[in-house]
2 protein chains.
Amino acid sequence: MSARGSSVTIKDVARRAGVSVASVSRALNGHESVTPETRQRILGIARELRYMPHGAARSLITRRTQTIGAVLPDLYGEFFSELIRGMDLAARRGGLHLLVSSSHGSADETAHALRALQGRVDGLLVMSPHADAGLLADNLPALVPTMLMNTRVDGDYASLNVDNYAGAYAMVGHLVARGFRRIALVAGPAQNFDAEERRRGYEQALRDLLPDAVPFVVDGDFTEAAGDRAARAIRESAPDVDAIFAANDAMAVGCLFALNELGLRVPRDVALVGFDDIPMARYTTPPLTTVRVRIADLGERAMARLIARIEQPDHADAGAEVLACELVVRQSCASDGTG
Amino acid sequence: MSARGSSVTIKDVARRAGVSVASVSRALNGHESVTPETRQRILGIARELRYMPHGAARSLITRRTQTIGAVLPDLYGEFFSELIRGMDLAARRGGLHLLVSSSHGSADETAHALRALQGRVDGLLVMSPHADAGLLADNLPALVPTMLMNTRVDGDYASLNVDNYAGAYAMVGHLVARGFRRIALVAGPAQNFDAEERRRGYEQALRDLLPDAVPFVVDGDFTEAAGDRAARAIRESAPDVDAIFAANDAMAVGCLFALNELGLRVPRDVALVGFDDIPMARYTTPPLTTVRVRIADLGERAMARLIARIEQPDHADAGAEVLACELVVRQSCASDGTG
DNA sequence: CTGAAAGCGCTTACAG
DNA sequence: CTGAAAGCGCTTACAG
């Protein structure tokens, strides 16, 4: 309770309790070998003094920080919000703290974050859709359990990937089945693994299902503003497009906005679909048909697997897990406006 | 490069360089008192060995963790996404890590988080709109610099608050000026400081500007689903309402969805406004009139002030800062559908 | 059941 | 400019 300076340490508690610091440590950590009376006295004094063990000191000796580091490409928008929420849920369940770090889409910053987190975390969750294998090999701390998410993997890392290819393929299949014939894709950022896989699914589905159709891809970067621009560009250059497939929901929201401004009705004049199923997707007008990723589950699952790896290094499953996506059909792509 | 076991420490670098650990420490930390040649040799070997200082050990002696803890009420939605993004920006600029923690709206969890973060962080950013002063007094670590955000403050904490009252008041003023006379409020969660202040602004403005009007408040909880329900309830019980003021944008999005489903046009049949100006607000149809909070700036500013307090404890400005809001008029509340 | 002591990996006066 | 040594606050064999 002193006004300034050092906070109360285990020594203070020991002194007040008339025992050794070893006993205080044992009592606080729930070791059996302390008499109930001693334990009670120690706990009482610790509470009274508002004693909190010093995290760094404990980490130094236990080699555990009780912290997981998450290196994400960005922190903007509902996708990352949901992802972090899922990670937080699982971390909290495991009694762990969550350190977040954004690389702003830059490989250099990813490398920096990876190195800076070394020694501060018990495990690493890395989503780095723009990273190449070399970057990871060079900067992933060898001794820190790591889970890769939505990242191009070549080594035998433990990983969790969304089945972007299958999701995009299925979406195109759905559009074709509904009678759409001129389907444009608003792509995600270049070099981005998710974006590339979604594009690959779109292109392959087109080849398989509409052999005569020419793929029509407009650049985007996963932001609402990009969707806005893309929709206008599509209407300008190819008014015959009857369905727009935005590579993520944020861009679909931007497309929807632009189409409305252009006086076009979705889905009557043009169908619109997205990818991710962010919470907002069901609240647009019309509600958005999209590919559900279960973003929070993704974060939760990745965190849970990482924790398991940390706690049971022997059972270490270094497998590459792929999360299936699910088509969610809402009103934004009713066939020819009849739905 | 050994395959297993302990990572490389300062001792390994010292041995390889043929110097003492003190010199390695000095070289790595950029102290003047090392000859350029020695420094170069040490740095070279450190790089070669991929040496990274052990964070916990360094923290133990320097009493700095290079980490800021953010205790937030929730992690759901664009508001917190933007807030975290702003915090991350300022933290990164200061070379600090960001530890996030959600209290899920519970006072107990807030208390727990506050205590658990002790000794792990150099400073604390606490947004706890549901907390009372007692909880903070009981659980805020006395020696850790802290900034409160959007929190009911009584003590002399350093704080940053959004001017919710003035923002809500101004919004009602705008609606009244536009000719709306029956204005319903979809409120935020009970006990929530932001929600209460916004409601207070609404009620006072009504008393001042429309003395004959009876306040009409519908319960909400800041989620889209609550907005959806509230709008339906309003239409059901009071079809004469000509403007709906949702206490945040997420609820406004839910209202917009419900109104559309009910076959009502915004703003022709009923005006709709929100609060926060989340990124999505400009992409709804019609774009949402709202109160701009500059959420990312809020997080950035809070972090910057906190860092300043940590670095210059003497200049410690413990002031209560209030961030002004700004009315953003878009098309969702054109007067009587003429705009 | 309990305590004295070593040690985790650093940094920093203190000497030289 | 450089090194030996102390010490940060804990935990954990090792004795007793």
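No experiment lies behind these values; they were computed from the predicted model shown.

Would you mind going over the protein's contact with DNA strand C with me for this structure?
Taken together, the neighbourhood of DNA strand C is formed by 28 residues, with Arg26(A), Ile10(B), Ser25(B), Tyr51(B) and Arg58(B) sitting nearest. When atoms of DNA strand C within 4 Å of the protein are sorted by moiety, sugar and phosphate together comprise 69%. Here Arg58(B) contributes a side-chain N or O atom positioned 2.8 Å from a phosphate oxygen of DNA strand C. Listing elements by their share of the surface near DNA strand C, those giving two or more residues are helix H2 (21–28) and helix H4 (55–62) of chain A together with helix H2 (21–28) and helix H4 (55–62) of chain B. Counting residues per element, the surface near DNA strand C draws most heavily on H4(B), at five residues. The residue makeup of the surface near DNA strand C, split by class, is 13 nonpolar, 11 polar and four charged.

Which parts of the structure should I look at to understand the domain arrangement of chain A?
Residues and elements named next belong to chain A. The domains assigned to chain A are domain 1 (10–53), domain 2 (65–162 + 295–321) and domain 3 (164–294 + 327–337). Between the C-alpha centres of domain 2 and domain 3 the distance comes to 29 Å. Opposite the 15 residues of domain 2 that make contact, domain 3 presents 14 residues. Taken together, the links from domain 2 to domain 3 amount to one salt bridge. The closest approach of N and O atoms between arginine 152 and glutamate 196, which form a salt bridge, is 2.6 Å. When residues of the side of domain 2 that touches domain 3 are traced back to their parent elements, those giving at least two are helix H5 (78–93), strand E5 (158–162) and helix H12 (295–311).

Quick question: what am I supposed to make of empty space enclosed by the protein here?
One simple way to see leftover space: roll a probe sized like a water molecule over the atoms. Following the criterion strictly, the structure yields three cavities of 30 Å³ or more and no others. Roughly 240 Å³ of volume is contained in the largest cavity. In this structure, the largest cavity is lined by 16 residues; those nearest its centre are Thr65(A), Arg120(A), Thr65(B), Thr67(B) and Arg120(B). Taken together, the elements giving at least two residues each to the lining of the largest cavity come down to H4 of chain A together with H4 of chain B.

Criteria and cut-off values
- Residues numbered from 1 in each chain as written.
- Chains lettered and ligands numbered in written order.
- Predicted model: local features only at pLDDT ≥ 70, side-chain atom pairs only at ≥ 80, totals over all residues.
- Heavy atoms only, no water.
- Near = heavy atom within 4 Å.
- Polar contact = N/O pair within 3.5 Å; in protein donor to acceptor, adjacent residues only side chain to side chain.
- Helix = DSSP H or I, 4+ residues; strand = E, 2+ residues; numbered from the N terminus.
- Nonpolar A, V, L, I, M, F, W, Y, C, P; charged D, E, K, R; others polar.
- Domains from an automatic or database assignment.
- Contact = heavy atoms within 4.5 Å.
- Salt bridge = Lys/Arg side-chain N within 4 Å of Asp/Glu carboxyl O.
- 1 Å grid on protein atoms, 1.4 Å probe; cavity = no way out; pocket = protein on both sides within 12 Å on 5 of 7 lines; lining within 4 Å.
- Points joined across faces, edges and corners; volume = space filled by probe spheres on them.

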